[in-house]
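# Structure at a glance
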Amino acid sequence: MNRELRKTVIAGNWKMNMLASEIKAFKDELMPLISGYSAWCEAAICTPFVLLPSALDVFKGTGVGVGAQNMSQHESGAYTGEVSATQLTDIGTQYVIIGHSERRQYYGETDESVNEKTLAALKTPMTAIVCVGETLEQREQGITNSLVTKQVETALKNVPGGEELGKIIIAYEPVWAIGTGKTATPEDAQEVCKVIRDVLAKLYCEKSAASITIQYGGSMNDKNAKELLAQPDIDGGLIGGASLKPDAFAVIINAANQ
Ligand code: 13P
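The following paragraphs examine the structure supplied in this document. (Residues numbered from 1 in each chain as written. Predicted model: local features only at pLDDT ≥ 70, side-chain atom pairs only at ≥ 80, totals over all residues. Heavy atoms only, no water.)

What follows covers the nonpolar core. Membership of the largest hydrophobic core comes to 72 residues, with the highest contact counts inside it found for Ile 10, Leu 30, Phe 59, Met 71, Ile 196 and Tyr 216. Filtering out sequence-adjacent residues up to four positions away, Leu 30 remains in contact with Phe 59, Pro 246, Phe 249, Ala 250 and Ile 253. Of all hydrophobic cores here, the second largest spans eleven residues; its members include Val 9, Ala 44, Tyr 95 and Ala 171. (Core = buried A, V, L, I, M, F, W, Y, C linked by side-chain atoms within 4.5 Å. Buried < 20%, exposed > 50% of the residue type's maximum accessible area, 1.4 Å probe, protein only. Contact = heavy atoms within 4.5 Å.)

Given below as structure tokens:
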């Protein structure tokens, strides 16, 4: 983390979990545990589409933001089952995860569709959490850095510099660390996050790159968050499993506030 240069963002990705009726109890347990949390650290929960209205209602006024886990690249029209960026912002959604590896793996998302979605999200006030990361096979082939570089470059194609970049977060999520309990070592995660920052500096400038929040995701939990967040280029986390437990999620948010 580097508090002087950029904000820290801890976002929970609930994936396809939780029910509308469970959100209030989650909030009631979480909020007293994070009562001291301060302005430079943002916390958010990204829920399935159908839970967004309830989550927005429950978290209203708490300082905890609410995000979606996906969106369409199209503005409107005949796209059955899809949800547009404008529909998300119309109900007050503040964040959207784009290009999560589960979307890439199971639903055919590509670097190009991630780019289209990122451009569409930027037309709205939402902050886009753009996910990149390598599979185990790619790591073993030694192509992690070049692959992540290409993912970032393609995702941000035609994204202008300046203010728009303030609405972009890059989440580095090694696929082999997601839901497996295997976390990247803080050093390995830092190495790739630094590669990402260098790519951002090449695409824009050093100053812009230094202002962009880069999260780590992949089995981040209450035990390892502090060490990961202590790395200079890791500015937060995208948390799956541990974000479903208010006590564990609170420990991670508080680790970002120390
Ligand atoms: P886990 O924290 O469950 O490994 O999930 C990480 C993730 O995919 C967050 O988007």
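Continuing now.
Packing of helix α7 (residues 144–155) against helix α8 (residues 186–203) brings their axes to within 10 Å, and their N-to-C directions diverge by 40 degrees. As judged from the angle between their axes, α7 and α8 are oblique. Here α7 and α8 pass one another in a crossing that is right-handed. Counted together, Thr 144, Asn 145, Val 148, Thr 149, Val 152 and Glu 153 of α7 and Glu 191, Val 192, Val 195, Ile 196, Val 199, Leu 200 and Leu 203 of α8 form the full contact between these two elements. Split into classes, the residues belonging to the contact of α7 with α8 amount to eight nonpolar, three polar and two charged. (Axes fitted to C-alpha atoms, helices over the stretch in contact; angles between N-to-C directions. Helix = DSSP H or I, 4+ residues; strand = E, 2+ residues; numbered from the N terminus. Parallel < 35°, antiparallel > 145°, perpendicular 65-115°, else oblique. Left-handed = near helix turned anticlockwise from the far one by under 90°. Nonpolar A, V, L, I, M, F, W, Y, C, P; charged D, E, K, R; others polar.)

All right, on to the side chain of Ser 113 then. As for its position among the elements, Ser 113 is in helix α5 (residues 111–122). In this structure the side chain of Ser 113 is engaged in a polar contact, spanning 2.9 Å, whose partner is the backbone nitrogen of Thr 110. (Polar contact = N/O pair within 3.5 Å; in protein donor to acceptor, adjacent residues only side chain to side chain.)

This part is about the sheet that holds strand β3 (residues 64–68). The eight strands lie next to each other as β1-β2-β3-β4-β5-β6-β7-β8, forming a closed barrel whose pairing is parallel. On average, each strand axis in the sheet is inclined to that of its neighbour by 25 degrees, with strand direction left out of account. Pairing of strand β6 (residues 168–172) with strand β7 (residues 213–217) involves four bridges; the strand directions are parallel. Bridged to Ala 171 within β7 is Gln 215. (Pairing = 2+ DSSP bridges.)

Moving on: the packing of helix α1 (residues 23–33) against helix α2 (residues 52–59). One can describe the packing of α1 onto α2 by two numbers: an axis separation of 10 Å at closest approach and a directional angle of 35 degrees. α2 is crossed by α1, and the crossing has right-handed handedness. Contacts from Ile 23, Lys 24, Phe 26, Lys 27 and Leu 30 in α1 reach Ser 54, Ala 55, Val 58 and Phe 59 in α2.

Tallying each qualifying case throughout the model produces 18 salt bridges. Between Glu 109 and Arg 103 there is a salt bridge; the shortest N-O distance is 3.1 Å. Here Lys 150 makes a salt bridge to Asp 111, at a shortest N to O gap of 3.2 Å. Of the two residues, Lys 150 sits in helix α7 while Asp 111 sits in helix α5, which places them 39 residues apart along the sequence. One salt-bridge network, held together by shared partners, links Arg 6, Arg 197, Asp 233 and Asp 235. (Salt bridge = Lys/Arg side-chain N within 4 Å of Asp/Glu carboxyl O.)

In the vicinity of the ligand, the contacting residues are Asn 13, Lys 15, His 100, Glu 173, Ala 177, Ile 178, Gly 179, Gly 218, Ser 219, Leu 238, Gly 240 and Gly 241. In this structure, His 100 approaches the ligand through a side-chain N or O atom, which is 2.8 Å from an oxygen atom. Protein coverage of the free-state accessible area of the ligand, which is 310 Å², stands at 94%. Residue composition of the shell around the ligand, grouped by class: three nonpolar, seven polar and two charged. (Near = heavy atom within 4 Å. Areas by Shrake-Rupley, 256 points an atom, 1.4 Å probe, with all protein chains shown as cover.)

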